[in-house]
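# Structure at a glance
Residues per chain, in single letters:
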Amino acid sequence: MRTPYVAIGIAAISALALSGCGSQGDEASGPDSEASVNVGLVLEPTDLDIRRTSGAALDQVLIDNVYEGLVSRTPTGEIVDTIAASHKVSDDGLTYTFDINDGITFHNGDELTVDDVVWSLTQVKDDPELRDHELLESVTEIAATDDDTVTLTLSEPDSNLLWNLSGRAGLVLDQDADNDISTTANGTGPFTLEEWKQGDSITLARNDDYWGDAAKVAEVVFVYIGDTTAGVNAALAGDLDVLTAVDPNLRGQFEGTEFTVHEGKTTDKYTLAFNNERKPLDDVRVRKALQLAVDHAAVIDAIGGAGVEMGGPIPPLDPGYEDLTSLRPYDPEEAKSLLAEAGVEGLSLELTVPNIYGTTVANLLVSAYKEIGVELTVNSVEFSTWLNDVYTNHDYDLSFVDHLEPRDFGNWANPDYYFGYDNADVQKLYAESVRATDPETAEQKLADAARIVAEDHAADWLYDALTLTAIAEGITGFPTDSPNARLDLSSLAVTA
């Protein structure tokens, strides 16, 4: 543990991080309310504008800690009231009523009112340039019915609305503030944004005027370290109290130290995407052959065992999950037969992969495909290039990337998404799931849609990642289990 306000100077670049719930240490001692905790992350935001800048790096540091919404989500996906003291949903699913907590102030001292809530949500609903604008498309009216109540009226039921409001779409900002949110932040959360040293660190300080339960530490310094070995070295040198996204092949270096490595679940879906619009990948037999060629257990072994097999697009933590691994057993001989049946011979494909993912998985895929007569060329690119070529322009054969967002099945119901997957039955089932007012019905519709996607072999979901977090003795309440896009530090404490 560092003493409060010690400056850390470790250079950093980007990669991935995590979220969840875990604890460690001797809780017999009282918490040190003046403690500062140094946390090693790998994904640094490029801009702090929570309204316009994409990427999980902003969510994991700012949401729940600095910015809050009407509701939030627990590591297990439960929706909990936050700025809202309570909420009600009408029987027909068309009216959501939120009672707002009293005494909430923004970090600049302004009092939060229902007008701020209405303004914040209306901005997202009306401006297509804002992040997650499309998540409020079913909302027709946002109104303050009195000084303590905000009501949302929908054109049709939306079973995802509360979940969507627990993310960026539901954050409440101060309509009277004039700060530059690309470099500063003015929220209502338990921490204030104290400093951002670009390329190095972000520092959060306890908000002593917080309307809820006060943070248990005085300061959290997020230190950005892109290299996994450098991160381990920094922790072992005493420069970090917590290291997230520990390389599974390096976890042994923490044995016999003051650190305990915690294994947590995620919704990180390491996906081998097939361009379903491009020949011959538009043939389900070819896509299935590419799946059957891969020994998925061997892939997980190669990454240090930090993953579980997936046979479909929905991970175990999300609604609609079903074990579909039986649909793609390891069977190279059957893969060869399918390629022959499809009339495909001497197939050459290119795999485009962001260079932050290394070469382990790509090399395995090259070998696996060679065994069935497919030549795979690997094109390792900067992430910005991947975003332009693959994500935006759909110019690729195969792509390998981590889809870490929870509850993102809707991408498979969107034919314009970079997967190029277009199935009317999937789109219908997904729409019915969204409109369902009964949660069990909504979940079953998702499961039915996911099975179709898996039976179409629309991609190869190589594994659902397990994330490793090294936590020093005396640190409790640091999240370790849940989607890595959120890092709620409200329970973080240090024993004296």
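Residues numbered from 1 in each chain as written. Predicted model: local features only at pLDDT ≥ 70, side-chain atom pairs only at ≥ 80, totals over all residues. Heavy atoms only, no water.

### A closer look at the packing of helix α10 (residues 424-435) against helix α11 (residues 439-455)
- Between α10 and α11, the least distance of the axes is 8 Å, while the angle of their chain directions is 165 degrees. The orientation of α10 relative to α11 falls into the category roughly antiparallel. The interaxial crossing formed by α10 with α11 has left-handed handedness. Of α11, the residues touching α10 (which contributes Asp-425, Val-426, Leu-429, Tyr-430, Glu-432 and Ser-433) are Ala-442, Lys-445, Leu-446, Asp-448, Ala-449, Ile-452 and Val-453. (Axes fitted to C-alpha atoms, helices over the stretch in contact; angles between N-to-C directions. Helix = DSSP H or I, 4+ residues; strand = E, 2+ residues; numbered from the N terminus. Parallel < 35°, antiparallel > 145°, perpendicular 65-115°, else oblique. Left-handed = near helix turned anticlockwise from the far one by under 90°. Contact = heavy atoms within 4.5 Å.)

### With respect to helix α4 (residues 228-236)
- Listed in full, the buried residues belonging to α4 are Gly-231, Val-232, Ala-234 and Ala-235. Each buried residue of α4 lies within a common arc of 160 degrees when the element is viewed along its axis, so the set occupies one face.
- Those residues of α4 that are buried are in contact with β11 (242-243) and β12 (259-274).
- Looking at the residues trailing α4, positive phi occurs at Gly-238, about 90 degrees. (Buried < 20%, exposed > 50% of the residue type's maximum accessible area, 1.4 Å probe, protein only. Arc of directions from axis to C-beta.)

### What about the pairing of strand β15 (residues 375-381)?
- The sheet contact formed by strand β14 (residues 348-354) and β15 spans 7 bridges and is parallel. If you follow Leu-349 over to β15, its bridge partner there is Leu-376.
- Note that the unit made of β14, helix α8 (residues 360-371) and β15 has a crossover that is right-handed. (Pairing = 2+ DSSP bridges. Right-handed = clockwise from strand over helix to strand, strands pointing away.)

### Thoughts on the packing of aromatic side chains
- For the structure shown, the criterion picks out 19 aromatic pairs.
- Residues Tyr-396 and Tyr-418 carry aromatic rings whose centres are separated by 5.8 Å and whose planes lie at 55 degrees to one another, so their mutual orientation is tilted. Here Tyr-396, found in the loop between α9 (383-392) and β16 (398-403), pairs with Tyr-418, found in the loop between β16 and α10; they are 22 residues apart in sequence, far enough to count as distant. Residues Tyr-396 and Tyr-418 agree in their burial class; the two are buried.
- A cation over an aromatic ring shows up here: Arg-51 above the ring of Trp-119, its NZ or CZ 5.9 Å from the ring centre.
- For the cation-ring pair, Arg-407 lies above Trp-163, with the distance from its terminal atom to the ring centre recorded as 3.8 Å. (Phe/Tyr/Trp six-rings, centres within 6.5 Å; stacked < 30°, edge-to-face > 60°. Lys NZ or Arg CZ within 6 Å of the ring centre and 35° of its normal.)

### Quick word on the pattern of salt bridges
- For the structure on display, the rule yields 19 salt bridges.
- The salt bridge involving Glu-432 is made with Lys-445; its shortest N-O contact spans 3.0 Å. Remark: Lys-445 occurs in helix α11 and Glu-432 occurs in helix α10; sequence separation between them is 13 residues.
- Residues participating in the shared-partner salt-bridge network are Glu-34, Arg-206 and Asp-208. (Salt bridge = Lys/Arg side-chain N within 4 Å of Asp/Glu carboxyl O.)

### Describing the side chain of Glu-219
- Relative to the helices and strands, Glu-219 resides in strand β10 (residues 219-224).
- Among the polar contacts made by the side chain of Glu-219, one reaches the side chain of Ser-36 at a distance of 2.6 Å. (Polar contact = N/O pair within 3.5 Å; in protein donor to acceptor, adjacent residues only side chain to side chain.)

### Points about unusual backbone geometry
- Here the amide bond leading from Lys-279 into Pro-280 is cis, since omega sits at -5 degrees, within 30 degrees of zero.
- Looking at the element boundaries, Pro-280 is found in the loop between β12 and α5 (284-292).
- The phi dihedral of His-394 falls on the positive side, at around 55 degrees, and the residue is not glycine.
- The topology assignment puts His-394 in the loop between α9 and β16.
- Located in the positive-phi region is Arg-407, a residue other than glycine, with phi close to 50 degrees.
- Relative to the helices and strands, Arg-407 is located in the loop between β16 and α10.

Shape is all these values report; function is a separate question.
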